[in-house]
Amino acid sequence: MKIGILMKEQRELFADMDPFWMMERLELPGYFAMAAAESDEEENSELPAGLMIGEILSDKLIVEWIYVQNEFRSRGIGAQLLDAAFTIARKNNLPTVCAYLSEEWGRELVCPSEEVFLEAYGFGNRSSLAGEWLTNLRALSEQEYFQQSTDNLPIVTPLQQLISSQARTALDALAGKEDAVMLCPINGQQALFDEELSFLLSSKGEIKGGILVKCLSRNRNEVREGKVVLLAKEKVLYPVLLCASSESEQQALLSAALQAAMKKYAKDTEVHILLRDDRLDPFLKKLRLDDAIPCSMLSANVEEYFHREVPQDGYLFL
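Going along each chain's sequence as written, the residues are numbered from 1 onward. pLDDT decides what is reported in this predicted model: residues at 70 or higher carry local features, side-chain atom pairs at 80 or more are listed and counted, and totals for whole chains, interfaces and linings draw on all residues regardless. Processing note: side-chain calculations cover all non-hydrogen atoms of the structure and skip hydrogens and water entirely.

**A few points about the overall build of the protein chain**
The number of helices and strands found in the protein chain is 8 helices and 13 strands. The long-range share in the protein chain, meaning contacts at least 24 apart out of those at least 6 apart in sequence, stands at 74%. Accessible surface is estimated by sampling points in the Shrake-Rupley manner with a 1.4 Å probe; for residues, cover comes only from the protein chains shown. Per element, the accessible surface of the protein chain, about 15,900 Å² overall, is 46% carbon and sulfur. In this description a helix means any DSSP run of H or I spanning at least four residues, a strand means any run of E spanning at least two, and both kinds are numbered starting from the N terminus. Contact definition: two residues touch when any of their heavy atoms are within 4.5 Å.

**Quick notes on the pattern of salt bridges**
A side-chain nitrogen of Lys or Arg and a carboxyl oxygen of Asp or Glu constitute a salt bridge if their distance falls within 4 Å. Counted according to the given criterion, the structure contains 10 salt bridges. Among the ionic pairs, Arg11 bridges to Glu27, the shortest N-O distance being 2.7 Å. Placement of the pair is Arg11 in the loop between strand 1 (2-5) and strand 2 (31-40) and Glu27 in the loop between strand 1 and strand 2, with a sequence separation of 16 residues. Lys60 is paired through a salt bridge with Asp59; the nearest N and O atoms lie 3.4 Å apart. Remark: exposure states derive from per-residue accessible area (1.4 Å probe, protein chains only) relative to the maximum for the residue type, with buried under 20%, exposed over 50%, and partly exposed in between. Judged by relative accessible area, Lys60 falls into the partly exposed class, the value being 22%. Where salt bridges share partners, they join Lys8, Arg11 and Glu27 into one cluster.

**Some words on the side chain of Ser198**
The residue Ser198 is located in the loop between strand 8 (181-182) and strand 9 (199-203) in this model. Given a relative accessible area of 0%, Ser198 falls into the buried group. At a separation of 3.0 Å, a polar atom in the side chain of Ser198 contacts the main-chain amide nitrogen of Val213. Other than its neighbours up to four places away in sequence, Ser198 contacts Thr157, Pro158, Leu159, Phe193, Ile211, Leu212 and Val213. Any N or O atom pair separated by 3.5 Å or less is treated as a polar contact, with the protein-specific requirement of one donor-capable and one acceptor-capable atom, and with residues adjacent in sequence counted only for side-chain atom pairs.

**A look at the pairing of strand 2**
Within strand 2, 7 of the 10 residues are buried, which leaves it mostly tucked inside the rest of the structure. As defined by bridge partners, strand 1 adjoins strand 2 across 4 bridges and the pair is classed as antiparallel. Counted as the bridge partner of Ile5 is Met34 from strand 2. Strands pair, by our definition, only if DSSP identifies at least two bridges between them. Here strand 2 pairs with strand 3 (residues 45-56) via 10 bridges, running antiparallel. What sits directly across from Met34, in strand 3, is Met52.

**Side note on the nonpolar core**
Core analysis: the largest hydrophobic core is formed by 45 residues, its most contacted members being Leu6, Leu51, Ile53 and Leu212. Residue assignment for this core shows that the elements contributing at least two residues are strand 2, strand 3, strand 4 (61-68), strand 5 (96-102), helix 5 (164-175), strand 10 (206-224), strand 11 (227-243) and strand 13 (293-301). Look past the residues within four positions of Leu212 in its chain and what remains in contact with it is Leu159, Leu171, Ile186, Phe193, Ser198, Tyr238, Pro239, Val240 and Leu241. To define a nonpolar core, start from buried Ala, Val, Leu, Ile, Met, Phe, Trp, Tyr and Cys residues and group those joined through side-chain atoms within 4.5 Å.

**Concerning the environment of Phe14**
Relative to the helices and strands, Phe14 is located in the loop between strand 1 and strand 2. Expressed as a C-alpha distance, the spacing of Phe14 and Leu51, which sit 37 residues apart in the sequence, is 7.3 Å. Filtering out sequence-adjacent residues up to four positions away, Phe14 remains in contact with Leu6, Met23, Ala35, Ala36, Ala37, Pro48, Ala49, Gly50 and Leu51.

**Quick word on the environment of Glu64**
Within the fold, Glu64 resides in strand 4. Residue classification places Glu64 among the buried residues on the basis of a relative accessible area of 0%. Residues Glu64 and Gly54, 10 residues apart in the sequence, show an inter-C-alpha distance of 5.2 Å. Within the structure, the side chain of Glu64 is placed 2.7 Å from the side chain of Tyr31, a separation counted as a polar contact.

**Considering helix 1 (residues 77-91)**
Count 3.6 residues to each turn of an α-helix, and residues three or four apart come out pointing the same way. Counted at 1.5 Å a residue, the expected span for helix 1 with its 15 residues is 21 Å, and the 21 Å between its end C-alpha atoms agrees. Those residues of helix 1 lying buried are Ile77, Gly78, Ala79, Leu81, Leu82, Ala84, Ala85, Phe86, Ile88 and Ala89. Of the residues one or two after helix 1, Asn93 is the one with positive phi, at around 60°. Under the convention used throughout, the expected extent of a helix is 1.5 Å for every residue step, that is, one less than its residue count.

**Digging into helix 6 (residues 247-264)**
Across its 18 residues, helix 6 extends 26 Å between first and last C-alpha, which sits within 8% of the 26 Å expected from 1.5 Å per residue. Turning to helix 6, its buried residues are Glu249, Gln250, Gln251, Ala252, Leu253, Leu254, Ser255, Ala256, Ala257, Leu258, Ala260 and Ala261.

Shape is all these values report; function is a separate question.
Here's what the structure looks like:
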């Protein structure tokens, strides 16, 4: 059994293990995936066996998805994937590994023992989060929040109007702000974001706030006669940073990003918002995100993991 980093050209091979399109997030900074495959010598090919998708943040590593094909379970593959996550966390000097668990996405159907498996390997300290919110540009534009007048709001500047050196400086400034809500590392890379949908707010040459949006591509495929057929190529928008010190600044940034998105993309373009920061709670109430998918987070200490007593049967779950 081979365990290694999932390469871009391998993603289609493991698509069946990704029912929630989490692999599209590999285009976001900080995301990675580990894959387990078994060699088929007769066919001279590799059989996909397991998949783990995670995110590296400044203070922790988050395991967002872990799955092992039914025919490969009870062989310790899930344990090896999990061990890879802790090894990556240790190499990056991260003290904690967290596991993200959606409470409504039907994971009990595709991975019913995931939580029991994680607890067997030292995960605990459950915390509740708002989770994730899937919407589209049309639904967002119809929200009462975006029907308010934008007169007298602070002036914001599109990221595309800045030259590369200015943009890198601005992004680094945003990443360093304590009130910035980030859903992935920024690292000063202007090309990572849709520059027409990303805006900055400044005063006297100082960056005061901003919103950054990433556009990802999602392939809708179907397997026909053993071959993957592309049915459609769709766009998905991910807001990845919001930084504002007042309600008027927040409204100016959000309204500008939405208006720009409505001009550039079709109104049914999906918007996927990851709601994993408590500081977003006031924002959620304004947008009335009653249909957000709740989730919980389990956490484990990295050093305790490597010094733990290895479960005798924990691997049997995955």
